[in-house]
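# Fold and contact review
Chain by chain, the residues:
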Amino acid sequence: MELWKKQLRKIPKDSRDRIFAALLLLRSRDFRAVDRVQLKGYQHIYRIRVGNYRIIYFDDGERMIIKAIPRRDESTYRNF
């Protein structure tokens, strides 16, 4: 199972519902409605902020791959 799916199962339901809504917007490529920021030092890695959680994903314009959905802390962006 992918890392982000494992992380998503551990998130409380109210936050998970907000994350699903953000993923639907992401899937439709409606970036105006989400807080999308490109990670410094990476060409195609972005993050979306959803409360205390971050959706970290790869997007090269043709394909989009969810990498992780960690809770925000000091080590959130170290592995990307």
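Conventions adopted
- Residues numbered from 1 in each chain as written.
- Predicted model: local features only at pLDDT ≥ 70, side-chain atom pairs only at ≥ 80, totals over all residues.
- Heavy atoms only, no water.
- Salt bridge = Lys/Arg side-chain N within 4 Å of Asp/Glu carboxyl O.
- Helix = DSSP H or I, 4+ residues; strand = E, 2+ residues; numbered from the N terminus.
- Buried < 20%, exposed > 50% of the residue type's maximum accessible area, 1.4 Å probe, protein only.

Here we take up the pattern of salt bridges. Enumeration over the complete set of coordinates arrives at 8 salt bridges. Linking aspartate 35 and arginine 49 is a salt bridge whose minimum nitrogen-to-oxygen distance equals 3.2 Å. With a gap of 14 residues between them, aspartate 35 in the loop between α2 (13–27) and β1 (36–38) and arginine 49 in strand β2 (residues 45–50) connect regions that are remote in the sequence. Where aspartate 59 meets arginine 36, a salt bridge forms, and the shortest distance between an N and an O atom there is 3.3 Å. Of this pair, aspartate 59 sits in strand β3 (residues 53–59) while arginine 36 is found in strand β1, placing the two residues 23 residues apart along the sequence. Judged by its relative accessible area of 4%, aspartate 59 is buried. Through salt bridges that share partners, Arg29, Arg36 and Asp59 make up one connected network.

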